[in-house]
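Listed below, chain by chain, are the residues.
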Amino acid sequence: MRSRPVPSLKAIVSVLALAGSVGLTPAAARAAPTGAPNAVVTWNVDAQDAIFEVARQSPTAAARSFAMVQGAVFDAVNAVEGGPYRPYLVAPPSRRGDSAPAAVAAAAHHVLLSLFPAQAGALRARYEEALGAIPDGRPKRGGIAVGEAAAAAMIEARRDDGAFSDATWKVGTAPGEWRPTPPGFLQAGAWYATLKPFVIRDAADFRTPGPPALTSAAYARDLDEVQALGSATSAVRTADQTEAAIWWDDPRLVEWEIKRQLAVTHRLDTMRTARMFAMVDLSVADSLISCYREKWTWSLWRPVTAIPLAGTDGNPATTADPAWTPLRVTAPSAEYPSGHACFTSANVAALRTFFGRDTLRFSAYSADSGTTRRYHSLSAALAELREARIWAGVHYRFAVVDGDRLAATVTRDVLHRQF
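This write-up is about the structure you can find in this document. Just so you know, these numbers come straight off a predicted model, no measurement behind them. (Residues numbered from 1 in each chain as written. Predicted model: local features only at pLDDT ≥ 70, side-chain atom pairs only at ≥ 80, totals over all residues. Heavy atoms only, no water.)

A closer look at the side chain of Arg373
- Tracing the backbone shows Arg373 in strand β3 (residues 371-375).
- Reaching out from Arg373, the side chain makes a polar contact with the side chain of Asp240 at a distance of 3.2 Å. (Helix = DSSP H or I, 4+ residues; strand = E, 2+ residues; numbered from the N terminus. Polar contact = N/O pair within 3.5 Å; in protein donor to acceptor, adjacent residues only side chain to side chain.)

Considering the environment of Arg302
- When you line up the elements, Arg302 lands in the loop between α11 (270-298) and α12 (303-306).
- For the pair formed by Arg302 and Thr181, sequence separation is 121 residues and the distance between their alpha carbons is 7.8 Å.
- Within the structure, the side chain of Arg302 is placed 2.9 Å from the backbone oxygen of Ser333, a separation counted as a polar contact.

Examining the nonpolar core
- Ranked by size, the top nonpolar core spans 112 residues in total, and within it Val73, Leu112, Tyr192, Phe198, Trp248 and Met276 carry the most contacts.
- Contacts of Tyr192, omitting those with residues within four sequence positions, involve Thr60, Ala61, Ala63, Arg64, Ala285, Leu288, Ile289 and Tyr292.
- If you look at the next biggest cluster of nonpolar residues, it comprises 15 residues, including Val226, Leu300, Ile307 and Phe398. (Core = buried A, V, L, I, M, F, W, Y, C linked by side-chain atoms within 4.5 Å. Buried < 20%, exposed > 50% of the residue type's maximum accessible area, 1.4 Å probe, protein only. Contact = heavy atoms within 4.5 Å.)

Quick word on helix α8 (residues 217-229)
- End to end, α8 covers 18 Å across 13 residues, agreeing with the expected 18 Å (1.5 Å per residue, within 8%).
- Every buried residue of α8 is accounted for by Tyr219, Ala220, Asp222, Leu223, Glu225, Val226, Gln227 and Leu229.
- Here the buried face of α8 lies against α9 (239-249), α12, α14 (378-391) and α15 (397-417). (Expected span 1.5 Å × (residues − 1).)

Section: the pattern of salt bridges
- Across all of its chains, the model carries 29 salt bridges by this definition.
- Residues participating in the shared-partner salt-bridge network are Asp240, Glu243, Arg373 and Glu384. (Salt bridge = Lys/Arg side-chain N within 4 Å of Asp/Glu carboxyl O.)

With respect to the packing of aromatic side chains
- Evaluated as defined, the whole model comprises 20 aromatic pairs.
- On the basis of an interplanar angle of 45° and a centroid distance of 6.0 Å, the ring pair of Tyr336 and Phe398 is categorised as tilted. Here Phe398 lies in helix α15 and Tyr336 lies in the loop between α12 and α13 (339-355), a separation of 62 residues in the sequence. Accessibility assignment for this pair places Tyr336 and Phe398 in one class, buried.
- Ring centres of Tyr396 and Phe398 lie 5.0 Å apart, and the angle between their planes is 15°; this geometry places the pair in the stacked category. Each member of the pair, Tyr396 as well as Phe398, is classed as buried.
- One Lys or Arg, Arg126, reaches over the ring of Trp43 and ends 5.6 Å from the middle of that ring.
- Residue placement shows Arg158 over the ring face of Phe198; its charged tip is 3.7 Å from the ring centre. (Phe/Tyr/Trp six-rings, centres within 6.5 Å; stacked < 30°, edge-to-face > 60°. Lys NZ or Arg CZ within 6 Å of the ring centre and 35° of its normal.)

What about the pairing of β3?
- With four of five residues buried, β3 is to be regarded as a mostly interior element.
- By the bridge criterion, five bridges tie strand β2 (residues 362-366) to β3 in an arrangement that is antiparallel. By the bridge assignment for β3, Tyr365 is matched with Thr372.
- Joining the antiparallel neighbours β2 and β3 is a turn of four residues, in which Gly370 adopts a positive phi near 75°. (Pairing = 2+ DSSP bridges.)

Brief notes about unusual backbone geometry
- In the segment running from Pro182 into Pro183, the intervening peptide bond is cis, with an omega of 5°.
- If you trace the backbone, Pro183 turns up in the loop between α7 (138-157) and α8.
- A positive phi angle is found at Phe185, which is not glycine, with a value near 50°.
- With a relative accessible area of 53%, Phe185 lands in the exposed category.
- You will see that Phe419, though not glycine, has its phi angle at about 70°, which is positive.
- Assignment of secondary structure puts Phe419 in the segment after α15.

Quick look at the side chain of Thr411
- Of note, Thr411 is situated in helix α15.
- Under the relative-accessibility criterion, Thr411 is labelled buried at 1%.
- Beyond its immediate chain neighbours, meaning those up to four positions away, Thr411 contacts Ser283, Ser287, Ala346, Ala349 and Ala350.

Brief notes about the packing of α9 against α14
- Put simply, α9 and α14 touch, their axes get as near as 8 Å, and they point 100° apart. Taken together, the axes of α9 and α14 lie roughly perpendicular to each other. Only Ala381, Glu384, Leu385, Ala388, Arg389 and Trp391 of α14 make contact with α9, whose side of the interface consists of Gln241, Ala244, Ala245, Trp248 and Asp249.
- Split by residue class, the contact of α9 with α14 holds seven nonpolar, one polar and three charged. (Axes fitted to C-alpha atoms, helices over the stretch in contact; angles between N-to-C directions. Parallel < 35°, antiparallel > 145°, perpendicular 65-115°, else oblique. Nonpolar A, V, L, I, M, F, W, Y, C, P; charged D, E, K, R; others polar.)

Description of helix α4 (residues 59-80)
- Look at α4: 31 Å from first C-alpha to last across 22 residues, which is about the 32 Å you get at 1.5 Å a residue.
- Summarising burial for α4: 21 of the 22 residues are buried, a large majority.
- Directly after α4, the chain includes Gly82, whose backbone phi takes a positive value near 90°.

Following this line, the structure appears as structure tokens:
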């Protein structure tokens, strides 16, 4: 893995034209001259526009939204391609020659419109632009009908699924119990713990071993590690580790870009792209549901709380530092297991299954770090993510390791049942 400052937009577009590399903002990626556009990639960029660039959804809420879009797109493309795979929700009637780009556009647009009705004007403009590039006629009409049916099935399936409920995290005052963290002292995302799964039968089927006891040597070792490496003023964290911590913590998640880049650089056709994106995004959603259920169950305090209060944890091997702050802002949710580890582990497990190997080359740019980081394998990226959450000061090692294992198990179950 290497890092470098981001090149100019003109240079990136030149690389895109030659090799299909992806490292742009959504608008630039959509406009880049990559040859014949892949409608699934294009609409995934449009989904990011709606989900994050405009709506600013949290990573968990965004995971649900992406899963809805890509699940519907998969069913739509699968139908127009003659059903080479078992459908996720529905196999709308189709005829030979129905337009796959029209089906993708209709499925993605209608799901996004159901999620973000306030963005109707912008979404309609993108939809009309996409349809305007497709010749009028029966194939176009047929593709639109298939996409609309796939979207309708997804919208109905997620109706009253528990999203955005008023669920809250358990707040305690005893040593080890989670409480809101600085700077905002907020709490968010507890509703994900009870969200209806997309594929798995029950999130309760997937458990973690739980965090180590506060008085254990394992707890003291992991707290000491994040205290030293994750401090905002750490003297032992290297410059590259600091960059990696910031890069992986960018709210414009680099995993979104990596997935699109792999589709482009491996020249995946519409069907394979739709299947790969659905495999990844539905695995991520169900992994996060299981992860957040475990967060709610264990309700463990975050390092930003534990380190200043280490004098109360009953462990003589820990040392309190009332002035300690992490490199990155701590998310407003319970500590264990790590949600980002669950997210990235599910991405990696699904991509490894789809491509049938670990050795893949990819990169992504982070606006937060101002750099592009490059990898030669999925396992190398996941290994760095595990370390980066510690370098960022937001997780203990045991929370990252157990989140990784939990998501890998959930993803295996998702991909055993679907796609």
